[in-house]
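One-letter residues, chain by chain:
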Amino acid sequence: MPLYPPVTDPKTIDWDNIPFDYVRTRSFIKYTWREGLWNEGELVTDGTLTMDVAATALHYGQSAFEGLKAFRMKDGKIRVFRPELNAHRLIKSCAATSMIPPTVDLFLLALKRVIEDNIDYVPPYESSGSLYIRPFVVGSGGQLGLSPAPEFYFCIFVNPVGDYYKGGMGNPVKALISHSFDRAAPHGTGAVKLGGNYAPAFLPSNAAKTRGYAVMLFLDPRTQTYIDEFATSNFAALTAPNPSDKTRTYVTPKSPSVLPSVTNRSLTELARKHLGWHVERRQISWEEVKQGKFEEMAAVGTAVVITPVEEVHREVVRAPREVKGLSTRDGVEDVWRDEEGDEEVEIDVARASGKGGFLELYRAYKALQRGELEGWERYGWMWPRDGIA
Ligand SMILES: *Cc1c(COP(=O)(O)O)cnc(C)c1O
(Lines give C-alpha, C1' and ligand atoms only; values in the text may rest on other atoms or scores of the structure.)
Protein backbone atom coordinates (compact mmCIF):
# COMPACT_ATOMS: atom_id res chain seq x y z
CA MET A 1 0.00 0.00 0.00
CA PRO A 2 1.54 3.33 -0.99
CA LEU A 3 1.44 5.86 1.83
CA TYR A 4 0.19 8.35 -0.66
CA PRO A 5 -2.01 7.64 -3.71
CA PRO A 6 -0.46 7.98 -7.17
CA VAL A 7 -1.28 10.91 -9.43
CA THR A 8 -4.60 10.44 -11.23
CA ASP A 9 -4.38 10.79 -15.00
CA PRO A 10 -7.06 13.38 -15.84
CA LYS A 11 -7.91 11.39 -19.01
CA THR A 12 -9.13 8.52 -16.83
CA ILE A 13 -11.62 10.62 -14.79
CA ASP A 14 -15.29 9.82 -15.32
CA TRP A 15 -16.49 13.46 -15.17
CA ASP A 16 -20.15 12.56 -14.67
CA ASN A 17 -19.40 10.44 -11.61
CA ILE A 18 -16.71 12.15 -9.57
CA PRO A 19 -17.26 11.51 -5.87
CA PHE A 20 -16.57 14.16 -3.21
CA ASP A 21 -13.29 12.52 -2.35
CA TYR A 22 -9.57 13.12 -2.45
CA VAL A 23 -8.11 12.88 -5.95
CA ARG A 24 -4.38 13.45 -6.31
CA THR A 25 -3.91 15.99 -9.06
CA ARG A 26 -0.65 16.92 -10.81
CA SER A 27 0.55 19.29 -8.09
CA PHE A 28 -0.21 21.43 -5.11
CA ILE A 29 1.39 24.80 -4.46
CA LYS A 30 3.53 25.48 -1.42
CA TYR A 31 4.97 28.73 -0.06
CA THR A 32 7.18 28.75 3.05
CA TRP A 33 7.44 31.68 5.47
CA ARG A 34 10.82 31.72 7.17
CA GLU A 35 12.84 34.52 8.76
CA GLY A 36 10.39 37.22 7.86
CA LEU A 37 9.49 36.40 4.24
CA TRP A 38 7.30 34.20 2.08
CA ASN A 39 9.50 32.47 -0.50
CA GLU A 40 8.66 32.36 -4.23
CA GLY A 41 6.59 29.18 -3.86
CA GLU A 42 6.78 25.92 -5.78
CA LEU A 43 4.38 23.54 -7.48
CA VAL A 44 4.99 20.28 -5.62
CA THR A 45 4.59 17.02 -7.53
CA ASP A 46 6.65 14.80 -5.22
CA GLY A 47 4.47 12.39 -3.19
CA THR A 48 6.96 12.08 -0.33
CA LEU A 49 7.10 15.82 0.15
CA THR A 50 3.31 15.87 0.08
CA MET A 51 3.34 13.39 2.96
CA ASP A 52 5.85 15.55 4.78
CA VAL A 53 3.58 18.57 4.54
CA ALA A 54 0.59 16.52 5.64
CA ALA A 55 2.54 15.29 8.66
CA THR A 56 3.66 18.71 9.88
CA ALA A 57 2.89 18.26 13.55
CA LEU A 58 4.74 20.36 16.08
CA HIS A 59 2.48 23.36 15.62
CA TYR A 60 0.14 22.89 18.60
CA GLY A 61 -2.93 23.53 16.52
CA GLN A 62 -1.58 26.40 14.43
CA SER A 63 -3.65 25.32 11.47
CA ALA A 64 -6.26 27.22 9.45
CA PHE A 65 -7.92 26.33 6.19
CA GLU A 66 -10.31 27.48 3.48
CA GLY A 67 -12.63 25.84 0.96
CA LEU A 68 -13.75 27.36 -2.35
CA LYS A 69 -14.55 26.29 -5.92
CA ALA A 70 -13.54 27.01 -9.51
CA PHE A 71 -15.91 26.38 -12.40
CA ARG A 72 -15.51 25.85 -16.13
CA MET A 73 -18.21 28.26 -17.21
CA LYS A 74 -20.51 28.49 -20.21
CA ASP A 75 -18.00 30.68 -22.13
CA GLY A 76 -15.35 27.94 -21.71
CA LYS A 77 -13.31 30.01 -19.21
CA ILE A 78 -12.41 28.94 -15.71
CA ARG A 79 -13.28 31.26 -12.84
CA VAL A 80 -13.17 31.03 -9.05
CA PHE A 81 -16.13 32.05 -6.90
CA ARG A 82 -15.35 35.14 -4.72
CA PRO A 83 -11.81 34.16 -3.69
CA GLU A 84 -11.04 37.55 -2.09
CA LEU A 85 -13.56 36.73 0.64
CA ASN A 86 -11.75 33.47 1.42
CA ALA A 87 -8.41 35.30 1.44
CA HIS A 88 -9.70 37.81 3.99
CA ARG A 89 -11.18 35.04 6.13
CA LEU A 90 -7.88 33.12 6.08
CA ILE A 91 -6.08 36.28 7.22
CA LYS A 92 -8.49 36.51 10.19
CA SER A 93 -7.99 32.83 11.03
CA CYS A 94 -4.21 33.30 10.98
CA ALA A 95 -4.47 36.34 13.26
CA ALA A 96 -6.51 34.28 15.76
CA THR A 97 -3.74 31.67 15.96
CA SER A 98 -0.63 33.90 15.74
CA MET A 99 0.26 32.70 12.24
CA ILE A 100 1.69 34.69 9.35
CA PRO A 101 -1.00 34.90 6.64
CA PRO A 102 -0.43 35.26 2.91
CA THR A 103 -1.51 38.67 1.57
CA VAL A 104 -4.66 38.78 -0.56
CA ASP A 105 -2.43 39.27 -3.62
CA LEU A 106 -0.29 36.23 -2.78
CA PHE A 107 -3.44 34.17 -2.16
CA LEU A 108 -4.82 35.09 -5.61
CA LEU A 109 -1.47 34.57 -7.34
CA ALA A 110 -1.06 31.12 -5.77
CA LEU A 111 -4.62 30.23 -6.78
CA LYS A 112 -3.96 31.15 -10.39
CA ARG A 113 -0.66 29.24 -10.50
CA VAL A 114 -2.03 26.00 -9.08
CA ILE A 115 -5.17 26.08 -11.24
CA GLU A 116 -3.13 26.71 -14.39
CA ASP A 117 -0.84 23.80 -13.57
CA ASN A 118 -3.86 21.51 -12.99
CA ILE A 119 -6.15 22.93 -15.65
CA ASP A 120 -7.01 19.53 -17.11
CA TYR A 121 -8.48 18.49 -13.73
CA VAL A 122 -11.20 21.16 -13.87
CA PRO A 123 -14.39 19.26 -14.77
CA PRO A 124 -16.00 20.12 -18.13
CA TYR A 125 -18.93 22.56 -18.18
CA GLU A 126 -21.33 19.80 -19.27
CA SER A 127 -20.60 17.64 -16.21
CA SER A 128 -21.52 20.51 -13.82
CA GLY A 129 -18.68 19.40 -11.53
CA SER A 130 -16.13 21.84 -10.17
CA LEU A 131 -12.58 22.11 -8.88
CA TYR A 132 -12.67 22.10 -5.09
CA ILE A 133 -9.84 24.25 -3.71
CA ARG A 134 -8.33 23.75 -0.26
CA PRO A 135 -5.87 26.47 0.83
CA PHE A 136 -4.33 26.17 4.29
CA VAL A 137 -1.68 27.69 6.53
CA VAL A 138 0.14 25.56 9.13
CA GLY A 139 2.95 26.18 11.57
CA SER A 140 6.08 24.13 10.93
CA GLY A 141 9.54 23.53 12.35
CA GLY A 142 11.04 21.42 15.10
CA GLN A 143 10.13 23.52 18.07
CA LEU A 144 9.08 22.08 21.45
CA GLY A 145 8.37 25.38 23.19
CA LEU A 146 4.75 26.44 23.39
CA SER A 147 4.99 29.52 21.22
CA PRO A 148 4.24 30.39 17.57
CA ALA A 149 6.11 28.24 15.05
CA PRO A 150 9.33 29.62 13.52
CA GLU A 151 8.07 29.00 9.97
CA PHE A 152 4.79 28.54 8.13
CA TYR A 153 3.54 26.76 5.05
CA PHE A 154 0.83 28.26 2.89
CA CYS A 155 -0.38 25.54 0.50
CA ILE A 156 -3.25 25.03 -1.90
CA PHE A 157 -4.52 21.59 -2.89
CA VAL A 158 -6.96 21.32 -5.81
CA ASN A 159 -9.29 18.43 -6.40
CA PRO A 160 -12.08 17.75 -8.96
CA VAL A 161 -15.51 17.10 -7.43
CA GLY A 162 -18.90 16.23 -8.89
CA ASP A 163 -22.14 18.17 -8.60
CA TYR A 164 -23.49 16.98 -5.25
CA TYR A 165 -27.08 16.70 -6.38
CA LYS A 166 -26.69 16.43 -10.16
CA GLY A 167 -28.89 19.33 -11.15
CA GLY A 168 -31.53 19.09 -8.43
CA MET A 169 -31.45 19.62 -4.70
CA GLY A 170 -31.04 16.67 -2.37
CA ASN A 171 -33.51 14.97 -0.06
CA PRO A 172 -34.20 16.76 3.23
CA VAL A 173 -32.18 15.61 6.23
CA LYS A 174 -32.62 15.57 10.00
CA ALA A 175 -30.37 17.55 12.34
CA LEU A 176 -29.50 17.00 16.01
CA ILE A 177 -28.87 19.54 18.76
CA SER A 178 -26.89 17.63 21.37
CA HIS A 179 -27.16 18.55 25.05
CA SER A 180 -23.56 17.51 25.72
CA PHE A 181 -21.36 19.10 23.05
CA ASP A 182 -20.71 22.68 21.85
CA ARG A 183 -18.57 23.37 18.77
CA ALA A 184 -17.69 26.88 19.91
CA ALA A 185 -17.22 28.66 23.23
CA PRO A 186 -18.39 32.17 24.19
CA HIS A 187 -15.44 34.42 23.26
CA GLY A 188 -13.91 31.35 21.57
CA THR A 189 -12.82 30.65 18.00
CA GLY A 190 -16.14 29.71 16.37
CA ALA A 191 -15.96 32.62 13.90
CA VAL A 192 -12.67 31.53 12.31
CA LYS A 193 -11.86 28.43 10.25
CA LEU A 194 -9.34 26.61 12.43
CA GLY A 195 -8.41 22.94 12.23
CA GLY A 196 -8.94 22.74 15.99
CA ASN A 197 -12.63 23.58 15.65
CA TYR A 198 -13.32 20.46 13.61
CA ALA A 199 -11.43 17.56 15.19
CA PRO A 200 -13.50 17.64 18.43
CA ALA A 201 -16.76 17.53 16.42
CA PHE A 202 -15.90 14.32 14.53
CA LEU A 203 -16.80 12.04 17.46
CA PRO A 204 -20.26 13.49 18.30
CA SER A 205 -21.05 13.98 14.58
CA ASN A 206 -20.31 10.34 13.80
CA ALA A 207 -22.38 9.22 16.79
CA ALA A 208 -25.26 11.42 15.53
CA LYS A 209 -24.95 9.88 12.04
CA THR A 210 -25.42 6.37 13.41
CA ARG A 211 -28.68 7.66 14.96
CA GLY A 212 -29.88 8.96 11.58
CA TYR A 213 -28.92 12.63 11.93
CA ALA A 214 -26.96 13.81 8.89
CA VAL A 215 -25.78 17.00 10.61
CA MET A 216 -25.37 18.52 14.06
CA LEU A 217 -26.83 21.93 14.83
CA PHE A 218 -25.52 24.13 17.66
CA LEU A 219 -27.15 26.77 19.84
CA ASP A 220 -25.31 29.84 21.10
CA PRO A 221 -22.86 28.45 23.64
CA ARG A 222 -23.53 31.05 26.36
CA THR A 223 -27.30 30.83 26.78
CA GLN A 224 -28.31 27.79 24.66
CA THR A 225 -31.24 29.90 23.46
CA TYR A 226 -30.49 31.01 19.90
CA ILE A 227 -29.55 29.05 16.79
CA ASP A 228 -25.87 29.35 15.85
CA GLU A 229 -25.01 27.01 12.98
CA PHE A 230 -24.29 23.45 11.86
CA ALA A 231 -20.92 21.75 12.37
CA THR A 232 -19.66 22.68 8.90
CA SER A 233 -22.33 24.97 7.44
CA ASN A 234 -24.50 27.98 8.30
CA PHE A 235 -28.20 27.89 9.21
CA ALA A 236 -30.74 29.62 6.99
CA ALA A 237 -34.54 29.59 7.00
CA LEU A 238 -37.31 30.91 4.75
CA THR A 239 -40.72 32.27 5.65
CA ALA A 240 -43.73 31.30 3.56
CA PRO A 241 -44.28 33.60 0.54
CA ASN A 242 -46.07 36.82 1.34
CA PRO A 243 -49.64 36.30 0.01
CA SER A 244 -49.76 39.69 -1.72
CA ASP A 245 -46.41 39.91 -3.56
CA LYS A 246 -45.08 36.33 -3.22
CA THR A 247 -41.80 37.50 -1.69
CA ARG A 248 -40.15 35.47 1.08
CA THR A 249 -37.89 36.44 3.92
CA TYR A 250 -34.51 34.75 4.20
CA VAL A 251 -33.55 34.62 7.89
CA THR A 252 -30.09 33.72 9.15
CA PRO A 253 -28.46 34.00 12.61
CA LYS A 254 -26.38 36.93 13.82
CA SER A 255 -23.96 35.57 16.38
CA PRO A 256 -20.30 36.14 17.31
CA SER A 257 -19.64 32.38 17.35
CA VAL A 258 -20.83 31.64 13.79
CA LEU A 259 -18.33 31.21 10.93
CA PRO A 260 -19.10 33.89 8.31
CA SER A 261 -20.00 31.73 5.31
CA VAL A 262 -19.31 33.00 1.79
CA THR A 263 -22.23 30.87 0.54
CA ASN A 264 -24.66 32.28 3.10
CA ARG A 265 -23.63 35.86 2.38
CA SER A 266 -23.90 35.29 -1.39
CA LEU A 267 -27.30 33.61 -1.07
CA THR A 268 -28.66 36.57 0.90
CA GLU A 269 -27.35 38.99 -1.74
CA LEU A 270 -28.87 36.92 -4.54
CA ALA A 271 -32.16 36.52 -2.68
CA ARG A 272 -32.40 40.28 -2.38
CA LYS A 273 -31.11 41.36 -5.80
CA HIS A 274 -32.29 38.56 -8.08
CA LEU A 275 -35.48 37.35 -6.40
CA GLY A 276 -36.51 40.57 -4.62
CA TRP A 277 -36.84 38.80 -1.27
CA HIS A 278 -36.24 40.28 2.16
CA VAL A 279 -33.25 39.32 4.28
CA GLU A 280 -33.01 39.34 8.07
CA ARG A 281 -29.77 38.63 9.90
CA ARG A 282 -30.74 38.45 13.55
CA GLN A 283 -30.94 36.23 16.60
CA ILE A 284 -33.22 33.25 15.92
CA SER A 285 -34.50 31.59 19.06
CA TRP A 286 -34.94 27.82 19.29
CA GLU A 287 -38.50 28.59 20.48
CA GLU A 288 -39.48 30.29 17.24
CA VAL A 289 -38.02 27.44 15.19
CA LYS A 290 -39.89 24.91 17.35
CA GLN A 291 -43.14 26.83 16.92
CA GLY A 292 -42.82 26.31 13.16
CA LYS A 293 -42.38 29.95 12.17
CA PHE A 294 -40.32 28.93 9.15
CA GLU A 295 -41.54 27.10 6.09
CA GLU A 296 -38.07 25.88 5.13
CA MET A 297 -34.74 25.35 6.87
CA ALA A 298 -31.36 24.56 5.33
CA ALA A 299 -27.65 24.08 5.90
CA VAL A 300 -25.59 26.25 3.53
CA GLY A 301 -21.89 26.05 2.57
CA THR A 302 -19.53 25.78 -0.39
CA ALA A 303 -19.35 21.98 -0.74
CA VAL A 304 -23.07 21.24 -1.04
CA VAL A 305 -24.46 24.80 -1.42
CA ILE A 306 -27.91 24.11 0.12
CA THR A 307 -29.01 21.01 2.08
CA PRO A 308 -32.70 21.17 3.04
CA VAL A 309 -33.40 20.29 6.70
CA GLU A 310 -36.88 18.98 7.47
CA GLU A 311 -36.53 18.34 11.19
CA VAL A 312 -34.32 19.45 14.04
CA HIS A 313 -34.30 17.29 17.18
CA ARG A 314 -33.07 18.89 20.39
CA GLU A 315 -31.96 16.81 23.36
CA VAL A 316 -33.29 18.30 26.57
CA VAL A 317 -32.10 17.05 29.96
CA ARG A 318 -35.05 16.36 32.28
CA ALA A 319 -33.08 14.83 35.15
CA PRO A 320 -29.47 15.94 35.40
CA ARG A 321 -26.56 13.67 36.13
CA GLU A 322 -25.79 13.10 39.73
CA VAL A 323 -22.11 13.35 40.55
CA LYS A 324 -21.22 10.56 42.93
CA GLY A 325 -17.69 11.58 43.75
CA LEU A 326 -14.32 10.23 42.73
CA SER A 327 -14.27 6.75 41.26
CA THR A 328 -11.64 4.25 42.24
CA ARG A 329 -9.97 1.54 40.21
CA ASP A 330 -7.99 -1.10 42.09
CA GLY A 331 -8.20 1.12 45.12
CA VAL A 332 -6.49 3.99 43.28
CA GLU A 333 -8.46 7.18 42.82
CA ASP A 334 -8.65 8.48 39.24
CA VAL A 335 -7.35 12.00 39.22
CA TRP A 336 -10.23 14.44 38.72
CA ARG A 337 -12.53 11.84 37.20
CA ASP A 338 -15.94 11.97 38.82
CA GLU A 339 -18.18 8.95 38.54
CA GLU A 340 -21.45 10.05 37.07
CA GLY A 341 -24.96 8.71 37.46
CA ASP A 342 -27.54 8.37 34.68
CA GLU A 343 -29.43 11.27 33.21
CA GLU A 344 -32.77 11.47 31.48
CA VAL A 345 -32.87 13.09 28.07
CA GLU A 346 -35.98 13.92 26.07
CA ILE A 347 -36.23 15.04 22.47
CA ASP A 348 -37.94 18.28 21.35
CA VAL A 349 -38.75 18.47 17.66
CA ALA A 350 -38.90 21.42 15.21
CA ARG A 351 -40.27 20.87 11.70
CA ALA A 352 -40.21 22.76 8.41
CA SER A 353 -41.87 20.84 5.66
CA GLY A 354 -42.19 23.42 2.89
CA LYS A 355 -40.28 23.28 -0.35
CA GLY A 356 -39.69 25.31 -3.44
CA GLY A 357 -38.13 28.45 -1.99
CA PHE A 358 -34.63 27.16 -1.45
CA LEU A 359 -34.83 25.25 -4.74
CA GLU A 360 -35.53 28.50 -6.60
CA LEU A 361 -32.57 30.18 -4.90
CA TYR A 362 -30.31 27.16 -5.46
CA ARG A 363 -31.03 27.15 -9.20
CA ALA A 364 -30.21 30.86 -9.52
CA TYR A 365 -27.00 30.42 -7.52
CA LYS A 366 -25.76 27.50 -9.61
CA ALA A 367 -26.70 29.33 -12.81
CA LEU A 368 -24.64 32.34 -11.71
CA GLN A 369 -21.60 30.17 -10.97
CA ARG A 370 -21.91 28.50 -14.38
CA GLY A 371 -22.34 31.78 -16.25
CA GLU A 372 -25.91 30.97 -17.27
CA LEU A 373 -27.71 33.57 -15.16
CA GLU A 374 -28.59 36.69 -17.16
CA GLY A 375 -26.27 39.48 -15.99
CA TRP A 376 -23.97 37.24 -13.89
CA GLU A 377 -21.01 39.54 -14.69
CA ARG A 378 -22.64 42.45 -12.88
CA TYR A 379 -22.26 40.71 -9.51
CA GLY A 380 -18.45 40.75 -9.92
CA TRP A 381 -18.26 37.41 -8.10
CA MET A 382 -16.39 35.26 -10.65
CA TRP A 383 -12.61 35.76 -10.58
CA PRO A 384 -10.66 36.60 -12.65
CA ARG A 385 -13.04 38.61 -14.81
CA ASP A 386 -11.42 37.45 -18.05
CA GLY A 387 -11.17 33.88 -16.80
CA ILE A 388 -8.36 31.35 -16.85
CA ALA A 389 -8.21 29.57 -20.19
C1 LIG B 1 -16.64 26.43 6.10
C2 LIG B 1 -17.78 26.56 7.06
C3 LIG B 1 -19.01 27.11 6.68
C4 LIG B 1 -19.34 27.45 5.26
O5 LIG B 1 -18.62 28.51 4.74
P6 LIG B 1 -18.56 28.74 3.17
O7 LIG B 1 -17.65 29.91 3.04
O8 LIG B 1 -19.93 29.04 2.72
O9 LIG B 1 -18.03 27.49 2.57
C10 LIG B 1 -19.97 27.29 7.66
N11 LIG B 1 -19.76 26.93 8.95
C12 LIG B 1 -18.60 26.38 9.34
C13 LIG B 1 -18.43 26.00 10.76
C14 LIG B 1 -17.58 26.17 8.40
O15 LIG B 1 -16.44 25.61 8.77
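Residues numbered from 1 in each chain as written. Predicted model: local features only at pLDDT ≥ 70, side-chain atom pairs only at ≥ 80, totals over all residues. Heavy atoms only, no water.

Chemist: Is there a simple way to think about the pairing of strand β1 (residues 28-34) in this case?
Modeler: On any regular strand, side chains alternate: one points to one face of the sheet, the next to the other face. Counting buried positions over the seven residues of β1 gives six, a clear majority of the element. Across three bridges, the pairing between β1 and strand β3 (residues 42-44) is antiparallel. Following the sheet pairing, Lys-30 is matched in β3 by Glu-42. Here β1 pairs with strand β8 (residues 151-161) via six bridges, running antiparallel. Along β8, the bridge assignment pairs Thr-32 with Tyr-153. Pairing of β1 with strand β2 (residues 37-38), which is carried by two bridges, proceeds in the antiparallel orientation. When the sheet's bridge partners are listed, Arg-34 is paired in β2 with Leu-37. In this antiparallel pair of consecutive strands, β1 and β2, the connection spans two residues, and Glu-35 shows a positive phi of 45°. (Buried < 20%, exposed > 50% of the residue type's maximum accessible area, 1.4 Å probe, protein only. Helix = DSSP H or I, 4+ residues; strand = E, 2+ residues; numbered from the N terminus. Pairing = 2+ DSSP bridges.)

Chemist: What is the right way to look at the packing of aromatic side chains in this model?
Modeler: Aromatic ring pairs: the centre-centre distance and the angle between the two ring planes describe each pair. For the structure on display, the rule yields 14 aromatic pairs. Pairing Tyr-31 with Phe-154 gives two aromatic rings, centres 5.7 Å apart and planes at 25°, and the pair type is stacked. Taken together, the residues Tyr-31 in strand β1 and Phe-154 in strand β8 connect sequence positions 123 residues apart. The exposure classification of Tyr-31 matches that of Phe-154, with both residues buried. With a centroid separation of 5.7 Å and an interplanar angle of 55°, the aromatic rings of Trp-33 and Phe-152 are classed as tilted. Of the two residues, Trp-33 sits in strand β1 while Phe-152 sits in strand β8, which places them 119 residues apart along the sequence. (Phe/Tyr/Trp six-rings, centres within 6.5 Å; stacked < 30°, edge-to-face > 60°.)

Chemist: Would you explain the pattern of salt bridges in this entry?
Modeler: Side chains that differ in charge, positive against negative, can pair when their charged atoms come close. Summed over the entire model, instances satisfying the criterion amount to 22 salt bridges. Between Glu-66 and Arg-89 there is a salt bridge, with the nearest N and O atoms lying 2.7 Å from each other. Of this pair, Glu-66 sits in the loop between β4 (63-65) and β5 (68-72) while Arg-89 sits in helix α2 (residues 83-96), and the two are 23 residues apart along the sequence. You'll find Glu-66 and Arg-89 in the same group, each marked buried. Of the charged contacts in the structure, one is a salt bridge between Asp-75 and Arg-79, with a shortest N-O distance of 2.9 Å. Judged by relative accessible area, which is 3%, Arg-79 ranks as buried. Put simply, Glu-287, Lys-290, Arg-318, Glu-346 and Asp-348 are held in one network by salt bridges that share partners. (Salt bridge = Lys/Arg side-chain N within 4 Å of Asp/Glu carboxyl O.)

Chemist: Sorry, what's going on with the site of the ligand here?
Modeler: In the neighbourhood of the ligand, 15 residues make up the surrounding shell, with Lys-193, Tyr-198, Glu-229, Ser-261 and Thr-263 lying closest. Here Val-262 contributes a backbone N or O atom positioned 2.9 Å from an oxygen atom of the ligand. Calculation on the ligand without its partners gives an accessible area of 380 Å², and the protein chains cover 96% of this total. For the shell around the ligand, the per-class residue count stands at four nonpolar, seven polar and four charged. (Near = heavy atom within 4 Å. Polar contact = N/O pair within 3.5 Å; in protein donor to acceptor, adjacent residues only side chain to side chain. Areas by Shrake-Rupley, 256 points an atom, 1.4 Å probe, with all protein chains shown as cover. Nonpolar A, V, L, I, M, F, W, Y, C, P; charged D, E, K, R; others polar.)

So far we have only geometry, and geometry alone does not tell us how the molecule works.
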